[in-house]
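# Structural description and commentary
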Amino acid sequence: MAEATEQHAGTRRRSGDPWPPVRTGVGAWWRDHLRIARETVHFVSARLGTSLLVWLLVGIALALPAGLYLIERNLSGMTAAWEGRPGLTAYFELGANEQQIRAVVDVLEKDRAVADVSVTSPDQALAEFRRYTDLADALDLLESNPLPASLKATLAPGVETAVLDPLLDRVGSLPGVAEVVLEKTWLERVSDISSVVSRLGVILGLLFGTGALLVTATSVRLAIEARLEELKVLKLIGATERQMRRPFLYFGAFYGLGGGLLAAMLISLCLLIVEAPLSNLLGSYDQELHLAGFDAVFLGGLLTIGALLGVLGALVAARQRINDLEIL
Amino acid sequence: MAQIEFHGVTKRFDSGQEALVNVDVSFAEGSMAFLTGHSGAGKSTFLKLLLCLDQPSRGQILVNGVNVTRMNGRRLAHYRQHLGAVFQDHHLLGHRSVFDNVSLPLRITGMKEKDIARRVRAALSRVGLLEKERLYPRYLSTGEQQRVGIARAVVNRPKILLADEPTGNLDPELSRDIMKLFEQFNQVGTTVIVASHDRDLIESMGLRIIELDQGAVIRDGVNTRLDPPVREDADG
Ligand SMILES: Nc1ncnc2c1ncn2[C@@H]1O[C@H](COP(=O)(O)OP(=O)(O)O)[C@@H](O)[C@H]1O
Ligand SMILES: [Mg+2]
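The numbering scheme is per chain: residues are counted from 1 as the chain's sequence reads. Starting at A for chains and at 1 for ligands, labels are handed out in the order in which the entities are written. For this predicted model, a pLDDT threshold of at least 70 governs which residues receive local features, and a threshold of 80 or more governs which side-chain atom pairs are given and counted, while totals over whole chains, interfaces and linings are taken from all residues. Derived side-chain values reflect all non-hydrogen atoms in the structure, with water molecules and hydrogen atoms excluded from consideration.

### Brief notes about the overall build of chain A
- Looking only at helices and strands, chain A features 12 helices and four strands.
- For chain A, buried positions account for 39% of its 328 residues.
- Any pair of residues with heavy atoms lying within 4.5 Å of one another is described as a contacting pair. The long-range share in chain A, meaning contacts at least 24 apart out of those at least 6 apart in sequence, stands at 85%.
- The protein chains shown are the only cover counted for residues, whose accessible areas, like all others here, come from Shrake-Rupley with a 1.4 Å probe. Accessible surface for chain A amounts to roughly 19000 Å². Of this, 61% is attributable to carbon and sulfur atoms. Strands are runs of DSSP state E lasting at least two residues, helices are runs of H or I lasting at least four, and both sets are numbered from the N terminus onward. Per-residue accessibility, obtained with a 1.4 Å probe over protein chains only, is compared with the maximum for each type, and a residue is labelled buried under 20%, exposed over 50%, and partly exposed between these values.

In structure tokens form, the structure reads like this:
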């Protein structure tokens, strides 16, 4: 066969390519895309019920991991915001005197793990108590101030709470100190939860991303079956494989984009529902409800990922079906 | 040099069935020929191989001096854009109008709408269906549907026009009209190959006839009377 081709190569060179592509000038590529985009919209809107179902399926598949991503981001945002605040609080005995308090402050200020120390005197504590509670009148009945002095030490950034144990022991054994409390439990819990959520998000993201891909692949597969006759004709009249695949990639992108949009709607619906109880919860920890991450970048990412998954699913479906197309 | 050359072409399917056996034929540019033979003789396989919808098991097919049997991708697509093909079950798309069906080969080349309209109307007027361009195929008679299929095959002005049993469903009168139509396209320089088992019809045309039997060429020549088996030299 090779010889024969070579044998005629001279002829070919003289006359050029015997079957040059039909040249229709610049804009041909755009016209083809425009035509297919139009036909896609037409095809999808003609099967609105099916399309909506696909969007919903893809949307749910995308909403779960995306929602977890948001939760994870906000949890880690919370721990980051609290980073300057963890510290230890020492409560003094009721009769503790100035010197005893000074001695504790000295010990803490010399320690490199401690960034800042502030003392709350019994009077200040009482004033604060009056400000925050309705029990102030009850306090007036008491002869003396029942509140002890206390101090709060803020830890230097990056200090591991584990290395503080010796310091805690030492401060706790100083005269006049009633109790030393390390405020770490909440934080550790939040950071544990956030790393669990983040891993869960990755796993669910993979699982549900695959699900979204399969849903679009299946829907595109159905669309291909519905247009099999057309594909045969297209192949016969000399459409390139790329051209034959193109409408289905548009379907995939369309399904994926719609899915991304639906996912965004599902997430914002969830946010609306949990907003009130969540802000109550956070309020009790002195945190304001400020949801990070549900922004234009997040939405853009969601739509992009949706479209990409859709196109990928369509590629998978179209490749195998178009390749083994039987004509005649 | 002939435009189309089959050199020792054999097609054996996985089932072991041999649809073509060592076929050597050639077609000059601008010629017209009929392929005939009983059902299962290998006529469709012949055209399928020429359209590169399947590959021969052995041998080669040269078109304009190029072996087309191992082409793929874009090159194959461009090759097909220079061919026209008509079938018995015409493969018209039911959800597209006559105009849209005929315009399809032009659309995939990205031609401008204005040029498409001009070419489609020219093709439709050649087959006498200009006034039906807005209709859907199901509202046309079988003969008209076949003519729409022919218009689609010629709309991109192919150098080679292939037809597989184009008159299969038609009564003799209409069949004759269709064959005359192919002859007209041949007269303006298109190479035309028509597969048909309708002996009476093709014999009456007075053109070259290639007869296949169990995949082998048993007759090739300009002949109006096929009944006596004569030995033949295949010079076209
Ligand atoms: N895809 C296929 N697989 C196996 N056998 C086939 C296939 N296509 C055609 N054949 C066989 O090849 C022979 C020639 O078929 P075909 O070319 O369609 O004949 P014709 O068009 O002359 O009726 C027949 O025996 C048919 O059964
Ligand atoms: Mg046949």
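The discussion continues.
### A word on the interface of chain A and chain B
- Listed per partner, the contact involves 34 residues of chain A and 39 residues of chain B.
- For the chain A and chain B pair, buried surface summed over both sides reaches about 3500 Å², with 63% attributable to carbon and sulfur atoms.
- Salt bridges are defined as contacts in which a side-chain nitrogen from Lys or Arg sits within 4 Å of a carboxyl oxygen from Asp or Glu. For the pair chain A and chain B, the number of links is two salt bridges.
- Arg96 of chain B is paired through a salt bridge with Glu39 of chain A; the nearest N and O atoms lie 3.4 Å apart.
- Two N or O atoms count as a polar contact when they lie within 3.5 Å, although within protein this holds only if one can serve as hydrogen donor and the other as acceptor, and sequence-adjacent residues are included solely when both atoms are side-chain atoms. On the surface where chain A and chain B come into contact, there are eight residue pairs in polar contact (both at pLDDT 80 or more).
- Broken down by secondary-structure element, the contributors of at least two residues to the side of chain A that touches chain B are α1 (2-7), α2 (9-15), α3 (28-46), α10 (228-236) and α11 (241-283) of chain A.
- A per-element tally of the side of chain A that touches chain B places α10 of chain A first, with six residues. Here the quantity called buried area is the total loss of accessible area, with a 1.4 Å probe, experienced by two parts when brought into contact, counted for both.

### Structural notes on the pattern of salt bridges
- Applying the stated criterion across every chain, the model contains 20 salt bridges over all chains.
- As a salt-bridge pair, Arg96 of chain B and Glu230 of chain A come within 2.5 Å of each other at their nearest N and O atoms. Residue Arg96 of chain B is located in the loop between β6 (83-87) and α3 (98-107), and its partner Glu230 of chain A is located in helix α10; the two belong to separate chains. Residues Arg96 of chain B and Glu230 of chain A agree in their burial class; the two are buried.
- Lys132 of chain B is paired through a salt bridge with Glu144 of chain B; the nearest N and O atoms lie 2.8 Å apart. Remark: Glu144 of chain B occurs in helix α5 (residues 142-154) and Lys132 of chain B occurs in the loop between α4 (113-126) and α5; sequence separation between them is 12 residues.
- Overall, the relative accessible area of 14% leaves Glu144 of chain B in the buried class.
- A network of salt bridges, in which partner residues are shared, links Asp32, Arg35, Glu39, Arg227, Glu230 and Arg246 of chain A together with Arg96 of chain B.

### Let's talk about the nonpolar core
- Ranked by internal contacts, the top residues of the largest apolar core, which has 42 residues, are Val220, Ile224, Leu231, Leu234, Met244, Phe248 and Phe251 of chain A.
- Sorting the residues of this core by element identifies α3, α4 (48-81), α9 (185-226), α10, α11 and α12 (296-323) of chain A as the ones contributing at least two each.
- Apart from the residues lying within four places of it in its own chain, the contact partners of Phe251 of chain A are Thr40, Phe43, Val44, Val220, Ala223 and Arg227 of chain A.
- Side-chain atoms within 4.5 Å link the members of a nonpolar core, which is a set of buried Ala, Val, Leu, Ile, Met, Phe, Trp, Tyr and Cys residues. Counting residues in each nonpolar core, the second largest holds 38 residues, with Phe34, Val120, Leu181 and Leu201 of chain B among its members.

### A few points about the domain arrangement of chain B
Residue and element names in this part refer to chain B.
- Under the domain assignment, chain B is made up of domain 1 (1-82 + 158-236) and domain 2 (91-157).
- Residue ranges assigned to each domain were obtained from an automatic or database domain assignment. A separation of 24 Å is found between the C-alpha centroids of domain 1 and domain 2.
- Contacts between domain 1 and domain 2 engage 14 residues on the former and 13 residues on the latter.
- When the two sides are added together, the surface that domain 1 and domain 2 hide from each other amounts to roughly 1200 Å², 71% of it contributed by carbon and sulfur.
- Counting the surface domain 1 buries against domain 2, the share from its top three residues, Gln81, Pro158 and Phe185, is 44%.
- Seen at the junction of domain 1 and domain 2, the total is zero salt bridges.
- Scanning the region where domain 1 abuts domain 2 turns up two residue pairs in polar contact (both at pLDDT 80 or more).
- In terms of residue count, helix α6 (residues 172-187) provides more of the side of domain 1 that touches domain 2 than any other element does, six residues in total.

### Focus: the environment of Gly95 of chain A
- With respect to the secondary-structure elements, Gly95 of chain A resides in the loop between β1 (87-92) and α5 (98-110).
- With relative accessibility at 68%, the residue Gly95 of chain A sits in the exposed group.

### Description of the site of ligand 1
Residues and elements named next belong to chain B.
- By nearness alone, every residue bordering ligand 1 is listed as Phe13, Ser15, Gln17, Ala19, His38, Ser39, Gly40, Ala41, Gly42, Lys43, Ser44 and Thr45.
- The separation between an oxygen atom of ligand 1 and a polar side-chain atom of Gln17 is 3.2 Å.
- Interatomic distance of 3.2 Å between a backbone N/O atom of Ala41 and an oxygen atom of ligand 1.
- Its free accessible area being 560 Å², ligand 1 has 65% of it covered by the protein chains.
- If one sorts the elements of the shell around ligand 1 by residue count, helix α1 (residues 43-50) sits on top with three residues.
- Classification used: nonpolar for Ala, Val, Leu, Ile, Met, Phe, Trp, Tyr, Cys and Pro, charged for Asp, Glu, Lys and Arg, polar for all others including Gly. Residue composition of the shell around ligand 1, grouped by class: three nonpolar, eight polar and one charged. Here, proximity means that at least one heavy atom of the residue falls within 4 Å of the molecule or strand.

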